Amino acid sequence: MADLDYNALSNQIFRPETIEAIVSMSSLPDGAEGNGPDASAGSALPQELPILPLRGVVVYPLTAVPLTVGQPRSVQLIDDAVLNKKVIGLVASKDASIEEPGPDDCYTIGTAAAVQRLLRLPDGTIRLLVLGLERIRITEYTTNQPYLKARIEPAPEKTEQSVEVEALRRNIGAMFGRLVELVPGIPDEIAAVAINIE
């Protein structure tokens, strides 16, 4: 396989998007699969995703996390995902000492993610920045080669609305506001945003 110019490719394929657009899931990154007939009900995600097992890392929705991949199958998964503008599934492996986790070595709850930036290093590893999009559940692995692929379904977190939850939310907001007052480098605007989170 010819070496890819990841910086140029990344700039062409993955243009920065606002968090609001990603959160709304009204569209996946430019041209990504997911709005077609194979999309999961109630979600813009496709029913099948390539799965990247993570060792010692968990990626949550709405978080940007830097990752380094070096296993040949993981490098191929990232190459294919970037070239085809696909969303990938990220799941934690149960045992971080296993070099190439299989389906039985991975948790079934993970996160659908988009590759935002990546860089190929001289030693053949890839450093990438992924953005978690939505919580997913793996229902069935469909293939192990050349990398893991699985059928998935959205697994939104269930939140309860009660007086106790509202009291906890307000208490956390007040504690964060106090933290902002005590730490000189944190802007006041961050406290305002944290207090207004619902």
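Everything here concerns the structure above.
Residues numbered from 1 in each chain as written. Predicted model: local features only at pLDDT ≥ 70, side-chain atom pairs only at ≥ 80, totals over all residues. Heavy atoms only, no water.

1. Let's talk about the overall build of the protein
- Scanning the protein for helices and strands turns up 5 helices and 6 strands.
- Each helix and strand of the protein, placed in order from N terminus to C terminus, yields the pattern α-α-β-β-α-β-β-β-β-α-α.
- For the protein, with 198 residues in total, the buried portion stands at 37%.
- In the protein, once contacts between residues fewer than 6 apart in sequence are set aside, the share between residues at least 24 apart is 60%.
- Entry remark: accessible area of the protein is about 11700 Å², with carbon and sulfur atoms responsible for 54%. (Helix = DSSP H or I, 4+ residues; strand = E, 2+ residues; numbered from the N terminus. Buried < 20%, exposed > 50% of the residue type's maximum accessible area, 1.4 Å probe, protein only. Contact = heavy atoms within 4.5 Å. Areas by Shrake-Rupley, 256 points an atom, 1.4 Å probe, with all protein chains shown as cover.)

2. So, helix 4 (residues 163-182)
- Taking 1.5 Å of rise per residue, 20 residues should cover 28 Å, and helix 4 covers 29 Å from first to last C-alpha, within 8% of that figure.
- Restricting attention to buried positions, one finds in helix 4 the residues Gly173, Gly177 and Val180. Seen end-on, helix 4 carries its buried residues on one side only, within an arc spanning 60 degrees. In helix 4, the exposed residues that point more than 90 degrees away from the buried face are Glu164, Ile172, Met175 and Leu182. (Expected span 1.5 Å × (residues − 1). Arc of directions from axis to C-beta.)

3. Thoughts on the pairing of strand 3 (residues 88-92)
- With 5 of 5 residues buried, strand 3 lies mostly within the body of the structure.
- On strand 3, burial covers both faces: Ile88, Leu90 and Ala92 on one face and Gly89 and Val91 on the other are all buried.
- Pairing of strand 1 (residues 48-54) with strand 3, which is carried by 4 bridges, proceeds in the parallel orientation. Residue Leu52 lies in a different strand from strand 3, and its bridge partner there is Leu90. (Pairing = 2+ DSSP bridges.)

4. Side note on the nonpolar core
- Core analysis: the biggest nonpolar cluster contains 20 residues, and Leu52, Ile78, Ile88, Leu90, Leu128 and Val130 have the highest contact counts within it.
- Listed by contribution, the elements that provide at least two residues to this core are strand 1, strand 2 (64-69), helix 3 (72-83), strand 3, strand 4 (109-120) and strand 5 (126-143).
- The element that contributes the greatest number of residues to this core is helix 3, accounting for 5 residues.
- With residues near it in sequence (within four places) discarded, Ile78 still touches Leu52, Val69, Ile88, Leu118, Ile126 and Leu128. (Core = buried A, V, L, I, M, F, W, Y, C linked by side-chain atoms within 4.5 Å.)

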